[in-house]
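# Breakdown of the fold
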Amino acid sequence: MDIGIEYFAGLSAVLFGIGMFGVFTRRSPLILLLSVELMLNSCNLALIAFSRYHGEQSGQVFALVVMGIAASEVVIGLGLVVAVARRKADLDVDRMTALRN
Amino acid sequence: VIAYLGGRADEPTRDVPLWQLGAAVVAGGAIIVEIVVAIAAHEFGGGATVPDTFGAPEAVADRFFSRYLLAFEAVSILLLIAAVGGVVLGSRKPSPRVDEPETFPQREVRPPELELQAAVMAAETAFPVRHVSADERDEGR
């Protein structure tokens, strides 16, 4: 059974909207990272779906590149979160204003 | 990381201003509605017919190593830099907290015996004897 491209695009839009809502409202940097991941993965879903729809394999290569960028972003983001959490009591992006200490 | 941070990782949406919540709902909802409307307005066909090897690892690797070689190399370098950055961020020694001074201020070393001695000497002799600390002596020079 084939699932139409409409459903993939719709699911991708819904995931992107949820991620955007999370980025707007959450304060914890960890949850912000998760929301950004959600948006990136919704883009991945759209890329793969339209790649299949058009019969063009470049979309899959793009999705892999996006995965690599997401992985490096997570490495740096989680490192920053852990480094901040080690010396500060609260994790709040509004209060993380200093580059040192 | 969530286990390491414990309960602090999952702070609820506390004291988020109402306009921000509204803007978030509007922005997220607008994206969803826009794309759903665009999908509904467009008539999609059945899609391309693809061979069985579509998306096979061989096909993707062929693309990666020929047409998208530059992107492949760039991502590899990006991952290397990210790995180095993660190690640097993770292994740094924790610096002292902001609210604690790095070293306690040095207490002024001022032996009371010398002042007492000077007072006794002033009382025993007719001369006004006063203890002069090292700083005052250096200033006098």
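Here the structure is shown first, and the text comes after it.
Residues numbered from 1 in each chain as written. Chains lettered and ligands numbered in written order. Predicted model: local features only at pLDDT ≥ 70, side-chain atom pairs only at ≥ 80, totals over all residues. Heavy atoms only, no water.

## Some details on the overall build of chain B
Note the threshold: Each helix corresponds to a stretch of at least 4 residues labelled H or I by DSSP, and each strand to a stretch of at least 2 residues labelled E; elements are numbered beginning at the N terminus. Think of it in three bands: with a 1.4 Å probe and only protein chains considered, a residue is buried below 20% of the maximum accessible area for its type, exposed above 50%, and partly exposed in between. Each accessible area is a Shrake-Rupley estimate made with a 1.4 Å probe; only the visible protein chains count as cover when residues are assessed.
Of the regular secondary structure elements, chain B holds six helices and zero strands. In chain B, the succession of helices and strands from N to C terminus is α-α-α-α-α-α. Out of the 141 residues in chain B, the part that is buried amounts to 15%. On chain B, roughly 11,300 Å² of surface is accessible, and the fraction owed to carbon and sulfur atoms is 64%.

## Overview of the interface of chain A and chain B
Using the following cut-off: Residue contacts follow a heavy-atom distance rule, with two residues in contact if any of their heavy atoms lie within 4.5 Å. Here the quantity called buried area is the accessible surface, traced with a 1.4 Å probe, that two parts lose on coming together, added over both. Whenever Lys or Arg places a side-chain nitrogen within 4 Å of a carboxyl oxygen from Asp or Glu, that contact is recorded as a salt bridge. Within 3.5 Å is the distance limit for a polar contact, defined as a pair of N or O atoms, with the added protein rule that one can donate a hydrogen and the other accept it, and that residues adjacent in sequence qualify only through two side-chain atoms. When residue character is reported, Ala, Val, Leu, Ile, Met, Phe, Trp, Tyr, Cys and Pro are called nonpolar, Asp, Glu, Lys and Arg charged, and the others, Gly included, polar.
Listed as interface residues are 52 residues of chain A and, on the opposing side, 54 residues of chain B. Carbon and sulfur atoms supply 67% of the area buried between chain A and chain B, which totals about 4,700 Å² over both sides. At the junction of chain A with chain B, the criterion picks out one salt bridge. The shortest N-O distance in the salt bridge between E56 of chain A and R63 of chain B comes to 2.8 Å. Summed over the shared surface of chain A and chain B, the result is four residue pairs in polar contact (both at pLDDT 80 or more). Within the residue set of the side of chain A that touches chain B, elements represented by two or more residues are helix 1 (5-25), helix 2 (29-54) and helix 3 (58-87) of chain A. Broken down by element, the residue count for the side of chain A that touches chain B peaks at 21 residues, all from helix 3 of chain A. Class assignment of the residues belonging to the side of chain A that touches chain B gives a composition of 28 nonpolar, 14 polar and 10 charged.

## A few points about the nonpolar core
This is how it is decided: Joining through side-chain atoms within 4.5 Å is the link that ties buried Ala, Val, Leu, Ile, Met, Phe, Trp, Tyr and Cys residues into a set, and such a set is a nonpolar core.
Listed in full, the seven residues of the largest apolar core are L30, L33, V81, V84, A85 and L91 of chain A together with L5 of chain B. If you list the elements that add at least two residues to this core, you get helix 2 and helix 3 of chain A. With three residues, the top contributor of residues to this core is helix 3 of chain A.

## So, the packing of aromatic side chains
Counted only if it meets this: When the centres of two rings from Phe, Tyr and Trp lie within 6.5 Å, Trp using its six-membered ring, the rings pair. Their planes under 30 degrees apart give stacked, over 60 give edge-to-face, and anything left gives tilted.
Taken as a whole and judged by the stated rule, the model has four aromatic pairs over all chains. Ring geometry for F50 of chain A and Y53 of chain A: centres 6.3 Å apart, planes at 85°, overall edge-to-face. Taken together, the residues span about one helical turn, with F50 of chain A and Y53 of chain A both in helix 2 at a distance of three residues. Judged by relative accessible area, which is 29%, F50 of chain A ranks as partly exposed. Through a chain of ring-to-ring contacts, three or more aromatic side chains come together here, namely F64, F65 and F72 of chain B.

## Quick notes on the packing of helix 2 of chain A against helix 3 of chain A
Residues and elements named next belong to chain A. Put simply, the rule is: In this analysis an axis means a line fitted to C-alpha atoms, helices contributing only their contacting stretch, and an angle means the value between N-to-C directions, from 0 to 180 degrees. An angle below 35 degrees is read as roughly parallel, one above 145 as roughly antiparallel, one from 65 to 115 as roughly perpendicular, and any other as oblique.
Where helix 2 contacts helix 3, the axes come no closer than 9 Å and their chain directions differ by 175°. The pairing of helix 2 with helix 3 is recorded here as roughly antiparallel in orientation. Together, P29, L30, L33, V36, E37, L40, N44, L47, I48 and S51 of helix 2 and G59, Q60, F62, A63, V66, M67, A70, E73, V74, G77, L78 and V81 of helix 3 make up the contact between the two elements. The residue makeup of the contact of helix 2 with helix 3, split by class, is 15 nonpolar, five polar and two charged.

## Digging into helix 3 (residues 57-66) of chain B
Formally: Picture the helix axis, draw a direction to every C-beta atom, and the arc is the one those directions span.
Taken as a whole, helix 3 of chain B has its buried residues at A59, V60 and F64 of chain B. In an axial view of helix 3 of chain B, the angular spread of the buried residues amounts to 135°, which keeps them on one side of the axis. Exposed residues pointing more than 90 degrees away from the buried face of helix 3 of chain B are listed as E58, D62 and F65 of chain B. Residues of helix 3 of chain B that are buried in the fold lie against helix 3 of chain A together with helix 4 (69-91) of chain B.

## Looking at the layout of surface pockets
All names here are of chain A. In plain terms, the rule: A pocket, in this scheme, is an open set of points on a 1 Å grid over the protein atoms alone with protein on both sides within 12 Å along at least 5 of 7 lines, while a cavity is a set where a 1.4 Å probe fits but cannot get out; residues line either one if an atom lies within 4 Å of a point. Grid points are joined across faces, edges and corners, and a volume is the space filled by probe spheres set on the points.
Roughly 350 Å³ of internal volume is contained in the second largest pocket. Around the second largest pocket, the lining is made up of 15 residues, and of these I3, G4, I5, F8 and R52 lie nearest the centre. Of all the elements in the fold, those that place two or more residues in the lining of the second largest pocket are helix 1 and helix 2. Top element by residues in the lining of the second largest pocket is helix 2. It accounts for five residues.

## Description of the environment of V74 of chain A
Residue and element names in this part refer to chain A. One can find V74 in helix 3. Residues V74 and L30 lie 44 residues apart in sequence; the distance between their C-alpha atoms is 9.8 Å. If sequence neighbours within four positions are ignored, V74 has contacts with E37 and G79.

## Here we look at the environment of F8 of chain A
All names here are of chain A. With respect to the element layout, F8 can be found in helix 1. On the basis of relative accessible area, F8 is assigned to the partly exposed category, the value being 31%. In this structure F8 touches I3, L45 and A49, once residues within four positions along its chain are discounted.

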